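# Tertiary structure, described
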Amino acid sequence: MWLNKEQVLDAAIRTYRKTVLHSTPQYVVIDNLFDSNKLDAVVRVLQQDSCWQTQKHTYSALYVDNAKWQKTRKKQRFVQRDLWQRPALNTAGAADNLAAQFLAFLRSDEFMSLLSRIFKVALTDINVANPAINTNYFRLAATDFVNQHADDSPGREVCMLLYLNKDWHQNNGGDLVFIGVDDKPVSIAPLYNRCVLFNPASKGSEHWVKALTTENTQQYRYNVTSWYWSE
């Protein structure tokens, strides 16, 4: 059981729904949505440096190689971060790795049903060519960045961000910032087991990540990012 039962009671879901409807952008922050003991075990897997590969995006192209990256002006670079490399499945076609099992849960009928109730939209992977690549772990170091961008691809209804940063301090930076409206950005600290759900098509949902300010070069900001579509 990955979810905390008290966080997914009917009354809680109604509260999340109201929050989404009355927020700009349409979003809700849910702390302790998942079982912390299980997330602790996931984090231990993520702390293995061999599991990561650098990912770079520009505003004109995704997954840019180093040659193209060097030719791209800094203003046109919007993502530099590490992407988690999934382990191979076992002979039964399942994942032995607990971190991979959690990613599978985030695309399960159970979890998508929860999101569907919160956002009042039927989410499904029926027309998603490769659902697995739309749910993964990322980490940022002090030299990395996620600049302002939108996640409003056609048919994309919900974005989920889950933070996995133990003992994170406000002065470490790394906040998620929605552009908001009327020059009132919305800033959310990446605290452990904090889940942010938002409608990427809603007004003010463009966002970025504040730079890390930690002096510890070995400290990373970990999160899960997951995107969901309707039929």
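Remember, predicted model here, so these are calculated numbers, not experimental data.

The next point concerns the environment of V186. Note that V186 resides in strand β8 (residues 184-188). Look at V186 and you get buried, because its relative accessible area is 15%. Residues V186 and L176, 10 residues apart in the sequence, show an inter-C-alpha distance of 8.1 Å. Residues in contact with V186, not counting those within four places in the same chain, are T24, P25, Y27, L176, V177 and F178.

With that settled, consider the pairing of strand β9 (residues 194-198). Burial analysis of β9 places five of its five residues in the buried class, the great majority of the element. Residues of β9 alternate between two faces, with R194, V196 and F198 on one and C195 and L197 on the opposite face, all of them buried. Two strands pair when backbone bridges link them, and strand β1 (residues 27-31) and β9 are joined in this way by five bridges, in the antiparallel orientation. Across the sheet, residue V29 finds its bridge partner in β9, namely V196.

Looking now at the packing of aromatic side chains. One pass over the structure, following the stated rule, counts 12 aromatic pairs. Here the aromatic rings of F34 and F102 are separated by 5.2 Å at their centres, their planes lie at 90 degrees, and the arrangement is edge-to-face. Pair noted here: F34 is in the loop between β1 and α2 (36-46) and F102 is in helix α4 (residues 98-106), with a separation of 68 residues, a long-range link. Taking relative accessible area as the criterion, F102 reaches 0% and is therefore assigned buried. Their ring planes at 20 degrees and their centres at 6.2 Å tell us that W69 and F145 sit as a pair that is stacked. With W69 in helix α3 (residues 66-71) and F145 in strand β5 (residues 145-149), this residue pair connects regions lying 76 residues apart in the sequence.

Two elements in contact, helix α1 (residues 10-21) and helix α5 (residues 109-119), have axes whose closest approach is 8 Å; the angle formed by their N-to-C orientations is 55 degrees. Relative to α5, the element α1 lies oblique. Residue-level contacts link D10, I13, Y16, R17 and V20 of α1 to L114, R117, I118 and F119 of α5. Partitioning the contact of α1 with α5 into residue classes produces six nonpolar, no polar and three charged.

On to the pattern of salt bridges. Following the criterion strictly, the structure yields seven salt bridges and no others. A salt bridge links D31 to R194; the shortest N-O distance between them is 2.8 Å. Of this pair, D31 sits in strand β1 while R194 sits in strand β9, and the two are 163 residues apart along the sequence. For the salt bridge of D125 with R107, the shortest nitrogen-to-oxygen distance reads 2.8 Å.

With 46 residues, the main nonpolar core has F34, W84, F102, F111, Y137 and L164 as its most contacted residues. Elements represented by at least two residues in this core include exactly α1, β1, α2, α4, α5, β6 (156-163), β9 and β11 (221-229). Beyond its immediate stretch of four places on either side in the chain, W84 contacts V45, L46, C51, W52, N97, A99, A100, L103, N136 and Y137. Grouped together as the second largest cluster of nonpolar side chains are 13 residues, L161, L176, F178 and F198 included.

Along the chain, N172 turns up in the loop between β6 and β7 (176-181). What makes N172 buried here is its relative accessible area of 8%. For the pair N172 and T213, spaced 41 residues apart in sequence, the C-alpha separation works out to 5.0 Å. Apart from residues lying up to four places away in sequence, N172 is in contact with D167, A211, L212, T213, T214 and Q219.

What counts and what doesn't
- Residues numbered from 1 in each chain as written.
- Predicted model: local features only at pLDDT ≥ 70, side-chain atom pairs only at ≥ 80, totals over all residues.
- Heavy atoms only, no water.
- Helix = DSSP H or I, 4+ residues; strand = E, 2+ residues; numbered from the N terminus.
- Buried < 20%, exposed > 50% of the residue type's maximum accessible area, 1.4 Å probe, protein only.
- Contact = heavy atoms within 4.5 Å.
- Pairing = 2+ DSSP bridges.
- Phe/Tyr/Trp six-rings, centres within 6.5 Å; stacked < 30°, edge-to-face > 60°.
- Axes fitted to C-alpha atoms, helices over the stretch in contact; angles between N-to-C directions.
- Parallel < 35°, antiparallel > 145°, perpendicular 65-115°, else oblique.
- Nonpolar A, V, L, I, M, F, W, Y, C, P; charged D, E, K, R; others polar.
- Salt bridge = Lys/Arg side-chain N within 4 Å of Asp/Glu carboxyl O.
- Core = buried A, V, L, I, M, F, W, Y, C linked by side-chain atoms within 4.5 Å.

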